[in-house]
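# Structure assessment
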Amino acid sequence: MNISIDLFDQDTDMSEYAAFSHGLYIGGKWRPSSDGRVIEVVDPSTEAVIAAVPDATLADAAAAVEAAAQAAAGWRETPPRKRSEILRRCFELMTERAETLAVLISLENGKALRDARGEVAYAAEFFRWNAEEAVRISGEFGLAPSGANRIVVDYQPIGICVLITPWNFPAAMATRKIAPALAAGCTVILKPASETPLTAYALAALYEEAGVPPGVVNVITTSNPGSVTAAMLADARVRKLSFTGSTGIGRVLLAEAAKHVISCSMELGGNAPFIVLDDADLEAALDGAMIAKMRNAGEACTAANRLYVQAGIHDAFAEGLRKRMAALAIGPGTDSETECGPMITRKAVDKIDRLVQDAVVRGAKVLCGGAIAEGRGFFYPPTVLSDVPADAAMAHEEIFGPVAPISRFEYEAEVIAKANDTEYGLAAYIYTRDLAKGMRMASKIESGMIALNRGLMSDPAAPFGGVKQSGLGREGGQKHGIAEFMEAKYIAVTI
Ligand code: NAP
């Protein structure tokens, strides 16, 4: 197996990517899996196998935990300024190599290059933000109410962290965890999604170049995530599980972590309502809907999953959205003209189509799209549905694809009840010119994040996360993200 890492030559052409193979990255070394098995990586635009990565065994997972443990004391004791400078260097290298990384993301994930470029910028920003936070971690000092002693609170790195990420943002979901963990002084084992491991390995090489010491970041891929994760969590040295993925797997992992009372951060699924009120700026609402729905071709946890449009603006909005969606250029993500790339797998396409056909059977009208595209590649056409009833499966499940289901509403209280009628609570969007009304609605919607007159809310400087079954904890933001990787130690002092 070729395990050299030479991804960063800006002149690298696509055929070189196709021939590229990686090793597990453990303790600063690249190695095959202990039984030599591999996982094939598929280009979702062509269905061709483009690379193979090692399929880690339980022994490999144990080696990764051991490497993280060996590196833990050295990294924890590295001065915050030094840790900060290394993180800053990660940001700079990612920024310098942004185009190469974007092409790689686009190749293995399928997303349009413009989305991949946006992801690299967002992902790199977690390093810049946490480089700045690393030197601002402080404790507390106060007098006990009794006056008998002082209360000293010291924030310490929580310990070895297992990080598990999904395929929809192969770079950003990893850096959103790695950067704060390293800033806090923790060492980590990253297990990226099997569909998109190449970006995670490319970034591992970049971290090494930036000066991240061996064993501080370890990356393993496996086709057996349940057993491999369970084995890592059973090692008493592992103290944190940070997971981004589906609510179903989140539940499984919470149960596994409970066996060992391991701290968990969970970034799970969403079912975002996108609400347009009669007094909204129509063009702005349409612009926002295209971003909230079509960033990553709809494969985002924050994607607008249910569009509720007030009766007075409904027809103009539906027609405007139909025109914009029908005009999108579909094709391989790596083509610079592409606006909507393929879905990640055939299974994902079949699920989207099942949801669309279910809605149609229940009375929804197809304004554009609505059927699986012919030919190779996992494509689904941009689709707009109107009159989608509340009992349609897509009103309750994540579509995770380029389908915009519109439902009409009359009253503010009615749409708030509809928006909250879900087990999820990650993101919501509101469009209105009446800011007071918008703020009132934002406070009533059960969601960790609200975008008011915006189609995008993700920002490393803001706390990202959900309520209800969309998750536990926050990533990013002032202190929030880094706090997930720290523990408070209280020292009672008599002076
Ligand atoms: P997924 O099926 O839950 O997988 C996520 C990760 O978990 C992958 O690395 C997967 O590995 C791993 N995994 C699967 N089964 C596991 C197990 N039993 N034990 C340990 N790890 C396991 O989710 P996905 O399909 O990749 O991603 C889409 C989901 O992620 C959506 O629900 C989306 O809303 C959510 N998401 C949430 C956020 C957020 O911030 N809230 C952000 C992005 C995505 P394999 O790839 O090897 O199966």
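This structure is a prediction, so every number in the text was calculated from the model and none was measured. (Residues numbered from 1 in each chain as written. Predicted model: local features only at pLDDT ≥ 70, side-chain atom pairs only at ≥ 80, totals over all residues. Heavy atoms only, no water.)

### Some details on the overall build of the chain
A count of helices and strands for the chain gives 15 helices and 20 strands. Against the 2.2 N^0.38 benchmark of 23 Å for 495 residues, the chain shows a C-alpha radius of gyration of 23 Å, consistent with a compact globule. If you line up the chain on its principal axes, its C-alpha atoms span 65 × 65 × 40 Å. Burial statistics for the chain: of 495 residues in total, 57% are counted as buried. Relative to all contacts within the chain whose residues are 6 or more apart in sequence, the contacts with residues 24 or more apart total 71%. Summed over its atoms, the accessible surface of the chain is roughly 18,900 Å², and 54% of this surface lies on carbon and sulfur atoms. (Helix = DSSP H or I, 4+ residues; strand = E, 2+ residues; numbered from the N terminus. Rg over C-alpha atoms; globule rule 2.2 N^0.38 Å. Buried < 20%, exposed > 50% of the residue type's maximum accessible area, 1.4 Å probe, protein only. Contact = heavy atoms within 4.5 Å. Areas by Shrake-Rupley, 256 points an atom, 1.4 Å probe, with all protein chains shown as cover.)

### A few points about the nonpolar core
Membership of the largest hydrophobic core comes to 147 residues, with the highest contact counts inside it found for I178, I220, L241, F274, F317, L321 and M394. Those residues in contact with L321, other than ones at most four positions away along the chain, are L286, A289, M290, L307, V384, A404 and I406. In this structure, I275, L277, A419 and A428 belong to the second largest nonpolar core, which totals 12 residues. (Core = buried A, V, L, I, M, F, W, Y, C linked by side-chain atoms within 4.5 Å.)

### What to know about the site of the ligand
Surveying the vicinity of the ligand reveals 31 residues, the closest of which are T165, R176, S194, S246 and E398. T165 places a polar main-chain atom, nitrogen or oxygen, 2.7 Å from an oxygen atom of the ligand. Within the backbone of L268, a nitrogen or oxygen atom sits 2.8 Å from a nitrogen atom of the ligand. The protein chains hide 87% of the 900 Å² of surface that the ligand would expose on its own. (Near = heavy atom within 4 Å. Polar contact = N/O pair within 3.5 Å; in protein donor to acceptor, adjacent residues only side chain to side chain.)

### Overview of the packing of helix α10 (residues 282-294) against helix α11 (residues 311-326)
Between two packed helices, what matters for the description is the angle formed by their axes and the separation of those axes. For the pair α10 and α11, interaxial distance at closest approach is 10 Å and the crossing angle is 50°. It follows from the interaxial angle that α10 and α11 lie oblique. Our pair here, α10 against α11, has a crossing hand that is right-handed. Together, L282, E283, A285, L286, D287, A289, M290, K293 and M294 of α10 and I313, A316, F317, G320, L321, R324 and M325 of α11 make up the contact between the two elements. Taken together, the residues of the contact of α10 with α11 break down into 11 nonpolar, 1 polar and 4 charged. (Axes fitted to C-alpha atoms, helices over the stretch in contact; angles between N-to-C directions. Parallel < 35°, antiparallel > 145°, perpendicular 65-115°, else oblique. Left-handed = near helix turned anticlockwise from the far one by under 90°. Nonpolar A, V, L, I, M, F, W, Y, C, P; charged D, E, K, R; others polar.)

### Observations concerning the pairing of strand β8 (residues 188-191)
Consecutive side chains of a regular strand alternate in pointing toward one face of the sheet and then the other. Side chains V188 and L190 project from β8 onto one buried face, and the interleaved I189 and K191 project onto a second face that is buried too. Bridge count between strand β7 (residues 160-164) and β8: 4 bridges; the pairing is parallel. What sits directly across from V162, in β8, is I189. In this fold, β7 hands off to helix α6 (residues 172-184), which returns the chain to β8; that crossover is right-handed. Sheet analysis places β8 next to strand β9 (residues 217-219), joined by 3 bridges and oriented parallel. Its bridge partner being in β9, V188 is matched across the sheet by V217. In terms of handedness, the path from β8 via helix α7 (residues 197-210) over to β9 forms a crossover that is right-handed. (Pairing = 2+ DSSP bridges. Right-handed = clockwise from strand over helix to strand, strands pointing away.)

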